[in-house]
Amino acid sequence: MKHAHVSAARGRTVEKPRHFGDTEAISAKETKRSRVKTFFKGLCAALMLALPLSVPATAQDAAPGPLRITITDGVIEPLTVAVPPFVARNPAAQDLAEDISRVIAADLSNTGLFREIPRDAHISRVSSFDAPIEYSDWKAINAQALITGSVLVEPDGRIVVQFRLFDVFSEQPLGDGLQFVGTADGWRRMAHKVADAAYSRITGEGPYFDSRVVFVSETGPKDARQKRLAVMDYDGANVQYLTSSDSIVLAPRFSPDGTKIIYTGYESGFPRVTVIDVGTLEKQTVGGVDQNMSFAPRFSPDSGRVVYSAEVAGNTDLYVLDLASGTTNRLTTAPSIETAPSFSPDGSRIVFESDRSGQPQLYVMPASGGDGSRISYGEGRYGTPVWSPKGDYIAFTKQNAGRFHIGVMRTDGSEERLLTGAFLDEGPTWAPNGRVVMFTRETAGAQGAPALYSVDITGRNLQRAATPAAASDPSWGPLLQ
Amino acid sequence: MISKISKTALILATTLALGACGDRLGAGGGAGGQGFDGAGVGANAGGFTPGGPNDPASAAYFQQNIGDRVLFAVDQSNLSAEAQTVLAGQAQWLNANPGYTALIEGHADEQGTREYNLALGGRRANAARDYLISQGVSAGRLRTISYGKERPLQICSTEACYSQNRRAVTVLAAGAGV
């Protein structure tokens, strides 16, 4: 898949001629990608250009105001935000203006960090994007943050979205206004970009709304489940299926650049590490020569290597495959099970799961291999460790006293914190900003089925993700570019 | 490598067997759809039918009379005395019927993470394989696969089902092996 192309210009004003020059350059790329786009309309829909807007003359420079949420504290009281309908700059933009502002509000509200002030409470109507803000009207309804915007549909169908974020009680904008230009079928991405900018400015954390998740879509009875790889926007929109349900697929992972997905596939009849190109849907098995079963693959942060498990004569160990040279190196040599590896973001270390102590626990070793040192020491069994993209935590599955939990710990095993608890929670994956994890929750019994859930690393804001069918094994992709 | 016909035959046979006895255990614990287990079941209302369960050289006989599976304790892949007896019977049968190869499927119950359970299923399948080899079955006739927790035989979420799901199933296929 080819992700949308973004360039951020640093001008203080929007200059139309320059802006259109950039757009033309992008159009040429788009043509080359038309085949891919046909396949993957939702995925590579938006071609965007972000430009800072000039701040209205009356406003102060964007000093970081008191409008701030610190996620790691565990937010008790959400910050109130008003998202009045974006101004349609021409009649063709009417529906989009409404839809875009709704997606922005949903992105923010669903974090649990924000509470939207309902529109019917609004006093001011924003009829012009550049009109001065009536702060008193927004204060009166206790809106701490205000997001205004406008949408224009160009004659060629391209859409232009502008927005500004205001700190109502400080009576000033929070950061520059921004403008995004993109294709109409990428309108959700543009909404996510706006929400990402607002989220980042207020929380100080990295953005994550403009991202996608690969997962396994499940249908059929529990003893004959059919599984397909699927990708969706982080919020469940734009689901696309990558494989048929002819063979089992398990535990996919995005490549760090988002162009490929690596997973365990049974297409040959046996479990094999398989790579699928998200754009062309071409599949290729990698590694696993002379190995009975190869599984649990993950890309290295530079996408150049794949670490995976292979079973030979009943014994599962970790191996690393260099994709350029095709060379495979064995990383562990214990008679125990070593699996579920995950690279540290700098690529220097690997956290994995091993039952060498008698039951599964977490270990960290150099990326070149070795015995590793154990980091999990709590009660119960630990599995599926995943290193945070920020490098500060490792998320894991814990099984203890008949229940499963998703938890996080520091990379040395300290500060263990369980975020969830249920009959069967497993397989955490990190949002690109390392502040939210998504995972599989499976219900018990003959009718039991899996679904995707997300939760903050504070353990707050547990949410079920909307998927068309039962779903498992989510892997959050990178922030789209 | 899997012909459509053998797949259809398996599904048909399994369906018939299910309908006939209502006992899921008796009806093909295999998951792969490969091989012949259960073939001929249901076509054998009375006397001897070649390939049917009364034919001692048939896969159906192997499945129903020898026993095609062994069960495991939680998290374990070591073979109980009972499991060893079943596998010894399998080995004897395989040694007497050289026209078959076997794919040994390892399975786990749902009480574990997906990838660990794949590895655990691999251990179980290999434990069964190693035992068969120790009883004189040629290694070239045996192959293993793990389904982890992907193909439970019983679907409830209690130990009554879990104990049936922690299994290694010997699925026969025609052929002499390598």
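Rules and cut-offs
- Residues numbered from 1 in each chain as written.
- Chains lettered and ligands numbered in written order.
- Predicted model: local features only at pLDDT ≥ 70, side-chain atom pairs only at ≥ 80, totals over all residues.
- Heavy atoms only, no water.
- UniProt positions renumbered as here; feature names shortened; annotations may be inferred.
- Helix = DSSP H or I, 4+ residues; strand = E, 2+ residues; numbered from the N terminus.
- Buried < 20%, exposed > 50% of the residue type's maximum accessible area, 1.4 Å probe, protein only.
- Contact = heavy atoms within 4.5 Å.
- Areas by Shrake-Rupley, 256 points an atom, 1.4 Å probe, with all protein chains shown as cover.
- Pairing = 2+ DSSP bridges.
- Core = buried A, V, L, I, M, F, W, Y, C linked by side-chain atoms within 4.5 Å.
- Buried area = accessible area lost by both parts, 1.4 Å probe.
- Salt bridge = Lys/Arg side-chain N within 4 Å of Asp/Glu carboxyl O.
- Polar contact = N/O pair within 3.5 Å; in protein donor to acceptor, adjacent residues only side chain to side chain.
- Disulfide = S-S within 2.5 Å.
- Phe/Tyr/Trp six-rings, centres within 6.5 Å; stacked < 30°, edge-to-face > 60°.
- Lys NZ or Arg CZ within 6 Å of the ring centre and 35° of its normal.

- An unreviewed UniProt entry annotates chain B as Peptidoglycan-associated lipoprotein originating from Jannaschia seosinensis.
- Recorded in UniProt under Subcellular location (unreviewed entry), the annotation for chain B is "Cell outer membrane".
- We quote the UniProt Subunit (unreviewed entry) comment for chain B here in full: "The Tol-Pal system is composed of five core proteins: the inner membrane proteins TolA, TolQ and TolR, the periplasmic protein TolB and the outer membrane protein Pal. They form a network linking the inner and outer membranes and the peptidoglycan layer."

- Going by the annotation in an unreviewed UniProt entry, the name recorded for chain A is Tol-Pal system protein TolB, with Jannaschia seosinensis given as the source organism.
- Its UniProt record, at the heading Subcellular location (unreviewed entry), says of chain A: "Periplasm".
- The record held by UniProt for chain A lists under Subunit (unreviewed entry) the comment "The Tol-Pal system is composed of five core proteins: the inner membrane proteins TolA, TolQ and TolR, the periplasmic protein TolB and the outer membrane protein Pal. They form a network linking the inner and outer membranes and the peptidoglycan layer."

## Overview of the overall build of chain A
Alright, step 1. For chain A, the count of helices and strands is 5 helices and 33 strands.
Alright, step 2. For chain A, the proportion of its 481 residues judged to be buried stands at 58%.
Alright, step 3. The contacts in chain A between residues at least 6 apart in sequence include a share of 50% that link residues at least 24 apart.
Alright, step 4. Put simply, chain A shows about 18000 Å² of open surface, and 49% of that area lies on carbon and sulfur atoms.

## Some words on the sheet that holds strand E28 (residues 417-418) of chain A
Residue and element names in this part refer to chain A.
Alright, step 1. In space, the 4 strands of this open sheet follow the order E25-E26-E27-E28, with antiparallel pairing throughout. With partners counted over all chains shown, the strands left at the sheet margins are strand E25 (381-387) and E28, one partner each.
Alright, step 2. Summarising the sheet, E25 and strand E26 (residues 393-400) pair through 5 bridges and their orientation is antiparallel. When the bridges of E26 are listed, Arg-381 appears paired with Gln-399.

## Observations concerning the nonpolar core
Note on soluble globular proteins: their nonpolar side chains tend to be buried together.
Alright, step 1. By size, the foremost hydrophobic cluster in this structure holds 50 residues, and its most contacted members are A:Phe86, A:Ile100, A:Ile104, A:Phe114, A:Ile147, A:Phe163 and A:Ile202.
Alright, step 2. No other element matches helix H5 (residues 187-203) of chain A, which puts 9 residues into this core.
Alright, step 3. Once you skip the residues sitting within four places of it in the chain, A:Ile147 turns out to touch A:Val81, A:Ala82, A:Val83, A:Pro84, A:Phe86, A:Ile104, A:Leu108, A:Phe163, A:Arg164, A:Leu165, A:Val194 and A:Ala198.
Alright, step 4. Core analysis: the second largest hydrophobic core is formed by 22 residues, B:Ala59, B:Ala83, B:Leu142 and B:Ala168 among them.

## Topic: the sheet that holds strand E30 (residues 436-442) of chain A
Each strand in a sheet pairs with another by means of backbone hydrogen bonds, the pair being arranged parallel or else antiparallel.
Residues and elements named next belong to chain A.
Alright, step 1. Pairing is antiparallel across the open sheet formed by 4 strands, whose spatial order is E29-E30-E31-E32. The outermost strands of the open sheet, each flanked by one partner alone, are strand E29 (425-430) and strand E32 (463-464).
Alright, step 2. Both E30 and strand E31 (residues 450-456) contribute to a ladder of 7 bridges, which runs antiparallel. In the strand pairing of E31, Met-438 is matched with Ser-454.

## A word on the interface of chain B and chain A
Alright, step 1. Facing 32 residues of chain B, the contacting portion of chain A comprises 46 residues.
Alright, step 2. Approximately 3200 Å² of surface area, both sides summed, lies buried where chain B meets chain A, with 52% of it carried by carbon and sulfur atoms.
Alright, step 3. Area buried by chain B at its contact with chain A is led by B:Arg114, B:Glu115 and B:Tyr116, which between them contribute 22% of it.
Alright, step 4. Joining chain B to chain A, the criterion identifies 7 salt bridges.
Alright, step 5. Of the charged contacts in the structure, one is a salt bridge between A:Asp355 and B:Arg123, with a shortest N-O distance of 2.9 Å.
Alright, step 6. Linking chain B with chain A are 19 residue pairs in polar contact (both at pLDDT 80 or more).
Alright, step 7. Those elements giving two or more residues to the side of chain B that touches chain A turn out to be helix H4 (114-134) and strand E3 (142-148) of chain B.

## A closer look at the state of the cysteines
All names here are of chain B.
Alright, step 1. Scanning all chains against the criterion turns up 1 disulfide over all chains.
Alright, step 2. Disulfide partner of Cys-156: Cys-161, at an S-S distance of 1.9 Å. Judged by the sign of its S-S torsion, about 120°, the bond between Cys-156 and Cys-161 is right-handed.
Alright, step 3. A relative accessible area of 8% places Cys-161 in the buried class.

## Structural notes on the pattern of salt bridges
Alright, step 1. The full count for this structure, using the stated rule, is 33 salt bridges over all chains.
Alright, step 2. Notably, a salt bridge pairs A:Glu205 with A:Arg435, separated by 3.4 Å at the nearest N-O pair. Highlighted residues: A:Glu205 in the loop between H5 and strand E10 (211-219) and A:Arg435 in the loop between E29 and E30, separated in sequence by 230 residues.
Alright, step 3. Between A:Glu426 and B:Lys149 there is a salt bridge, with its nearest N and O atoms 2.5 Å apart. Of this pair, A:Glu426 sits in strand E29 while B:Lys149 sits in the loop between E3 and helix H5 (159-165), on two different chains.

## Some points on the pairing of E10(A)
Where a strand is regular, its side chains alternate between the two sheet faces.
Residue and element names in this part refer to chain A.
Alright, step 1. Extensive coverage of E10 is indicated by the burial of 8 of its 9 residues.
Alright, step 2. Pairing between E10 and strand E33 (residues 470-479): 6 bridges, direction antiparallel. Residue pairing for E33: Val-214 is matched across the bridge by Ser-475.
Alright, step 3. Across 8 bridges, E10 lies against strand E11 (residues 226-233) in antiparallel orientation. Bridge pairing in E11 places Val-216 opposite Leu-229.

## Examining the packing of aromatic side chains
Alright, step 1. Counted according to the given criterion, the structure contains 15 aromatic pairs over all chains.
Alright, step 2. Pairing A:Tyr208 with A:Phe209 gives two aromatic rings, centres 4.7 Å apart and planes at 45°, and the pair type is tilted. Comparing A:Tyr208 with A:Phe209, the two get one shared label, buried.
Alright, step 3. Measuring from ring centre to ring centre gives 6.3 Å for A:Tyr234 and A:Trp476, while their planes differ by 15°; the resulting arrangement is stacked. With A:Tyr234 in the loop between E11 and strand E12 (240-241) and A:Trp476 in strand E33, the pair connects residues that are 242 residues apart, well separated along the chain.
Alright, step 4. For A:Tyr234, a relative accessible area of 10% gives the class buried.
Alright, step 5. Residue classification places A:Trp476 among the buried positions, given a relative accessible area of 7%.
Alright, step 6. Above the ring of A:Phe270, the side-chain terminus of B:Arg143 is found at 3.7 Å from the ring centroid.

## A look at helix H2 (residues 59-67) of chain B
Alright, step 1. Those residues of H2(B) lying buried are B:Ala59, B:Ala60, B:Phe62, B:Gln63 and B:Gly67.
Alright, step 2. Elements that come into contact with the buried residues of H2(B) comprise strand E1 (69-71), helix H3 (81-96), strand E2 (100-107) and strand E4 (167-174) of chain B.

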